[in-house]
Amino acid sequence: MIQRYSWGLRFADIQETCLTPDKGECLYEHREHALIYVRQGIMDVTAEGRTTRLEAGECVFVRRDYRVTILKRCNHDEPFLSTTLVFKHDFLVDMFHRIDRRQMPVDARRPEYGILKIPVRPDIKSLFDSILPYVDSGVEPSEDWIQARMTEGLRAVLATDASFYASLFDFVGPWKIDIMEFMNRHYQDQMTLAEMARYTGRSLAQFKRDFAQLSDLTPQKWVIEKRLERAHELLEDGERKVSEVMTEVGFCNLSHFSRIYKERYGVAPSVRK
């Protein structure tokens, strides 16, 4: 993973990034909801095999997702410059309680694609231009000022596509993310329990409580069982190496995998019936 910024400036959850031409490019995984405005340079956001490209003056909302990657790079000899508003759980909970319920589209459904390119509009340009004086001076704005800019950004996203209510407020019904659907999609990924909770819009305690209503197993044991079942399916045809299957289903240690596989199925994973 490349992460070589020339400099970065953060005011709470407002981040300013500069990448100079001698640093080449920056590639990183995206772990929080964010509204990103490109001031200079080129940025590619990739999710689910699709790439959205942004150039100077363009803006995109990126939904929190384990599989999203962002590639930032300079355009010729100009540095890459961007401003990002990061929408974290506590801020979104606070905003949910502030928004008039009558404004919320109760029939909104979570979009399949979590990348929303925001049309170039006066409100977007005004929002991000208002941050520049603080960046140039290095003076940190007040908490109230930051809260106001974050609120502007959030409302800009919701005004662009109301279906993103279901993404941003995925911690309340009817927009809560289905835990089992999420787990079935991501059991092979290297995620901690805390990360699973965050990606499903829950605190760790709430995640454990909700999962307990769906399974007699703990989340960790459920993941292990699911990986073993999938490994067993892949090994049954006898065409795959054990090490390849182990890695594909999410295990990292061959001796550990072999031991728990034998405990589960009575034979070592290299033995075929």
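Because the structure is a prediction, the values reported are computed rather than measured.

Chemist: Help me get a handle on the overall build of the protein, residues and values and all.
Modeler: Helices and strands together make up the secondary structure of the protein, namely 11 helices and 10 strands. The dimensions of the protein, computed from C-alpha atoms along their principal axes, are 70 × 50 × 30 Å. The buried share of the protein, reckoned over its 273 residues, is 47%. Considering only residue pairs separated by 6 or more positions, the protein has 71% of its internal contacts joining residues 24 or more positions apart. As displayed, the protein has an accessible area near 14100 Å², and 49% of this comes from carbon and sulfur atoms.

Chemist: Before we move on, can you summarise the environment of Ile118 with the specific residues and values?
Modeler: Position of Ile118 among the secondary structure elements: in strand β10 (residues 115–118). Relative accessible area serves as the criterion here: at 3%, Ile118 is assigned to the buried category. Linking Ile118 and Arg67, residues 51 residues apart in sequence, is a C-alpha distance of 21 Å. Leave out the neighbours within four places in its chain, and Ile118 touches Leu35, Cys59, Val60, Phe61, Ile124, Val157 and Thr160.

Chemist: An account of the pattern of salt bridges is requested, with residue identities and associated values reported.
Modeler: Throughout the structure, instances matching the rule amount to 21 salt bridges. As a salt-bridge pair, Glu16 and Arg39 come within 3.1 Å of each other at their nearest N and O atoms. Of the two residues, Glu16 sits in strand β2 (residues 14–19) while Arg39 sits in strand β4 (residues 33–40), which places them 23 residues apart along the sequence. The pair Glu16 / Arg39 is uniform in exposure class, with both members buried. As a salt-bridge pair, Arg240 and Glu244 come within 3.8 Å of each other at their nearest N and O atoms.

Chemist: Residues and numbers for the confidence of the model for the protein, please.
Modeler: Mean pLDDT over the protein stands at 89; residues scoring 70 or higher make up 93%. Here residues 1–6 scores under 50 on pLDDT; set against residues more than four positions off or in separate chains, the count is 21 contacts.

Chemist: Report on the packing of aromatic side chains, specifying residues and quantitative values.
Modeler: Per the stated rule, a full pass over the model turns up 14 aromatic pairs. Taking the centre distance of 5.2 Å and the plane angle of 40° together, the rings of Phe251 and Phe257 count as tilted. There is no split in this pair, since Phe251 and Phe257 are both buried. Taken together through their ring pairs, the aromatic side chains of Phe96, Tyr165, Phe169, Phe171 and Trp175 make up a single cluster. Here Arg198 stacks its cationic end above the ring of Tyr199, 5.2 Å away from the centre of that ring. Over the aromatic face of Phe251 sits the side chain of Arg227, whose NZ or CZ is 5.7 Å from the ring centroid.

Chemist: Quick one: what's the story with the packing of helix α1 (residues 89–98) against helix α4 (residues 143–160), residue by residue and with numbers?
Modeler: Between α1 and α4, the least distance of the axes is 12 Å, while the angle of their chain directions is 75°. Taken together, α1 and α4 sit at an angle that is classed as roughly perpendicular. Residues Phe91, Leu92, Asp94, Met95 and Arg98 of α1 pack against Gln147, Met150, Thr151, Leu154 and Arg155 of α4. Residues of the contact of α1 with α4, tallied by class, amount to 5 nonpolar, 2 polar and 3 charged.

Rules used throughout
Residues numbered from 1 in each chain as written. Predicted model: local features only at pLDDT ≥ 70, side-chain atom pairs only at ≥ 80, totals over all residues. Heavy atoms only, no water. Helix = DSSP H or I, 4+ residues; strand = E, 2+ residues; numbered from the N terminus. Buried < 20%, exposed > 50% of the residue type's maximum accessible area, 1.4 Å probe, protein only. Contact = heavy atoms within 4.5 Å. Areas by Shrake-Rupley, 256 points an atom, 1.4 Å probe, with all protein chains shown as cover. Salt bridge = Lys/Arg side-chain N within 4 Å of Asp/Glu carboxyl O. pLDDT = per-residue confidence, 0-100. Phe/Tyr/Trp six-rings, centres within 6.5 Å; stacked < 30°, edge-to-face > 60°. Lys NZ or Arg CZ within 6 Å of the ring centre and 35° of its normal. Axes fitted to C-alpha atoms, helices over the stretch in contact; angles between N-to-C directions. Parallel < 35°, antiparallel > 145°, perpendicular 65-115°, else oblique. Nonpolar A, V, L, I, M, F, W, Y, C, P; charged D, E, K, R; others polar.

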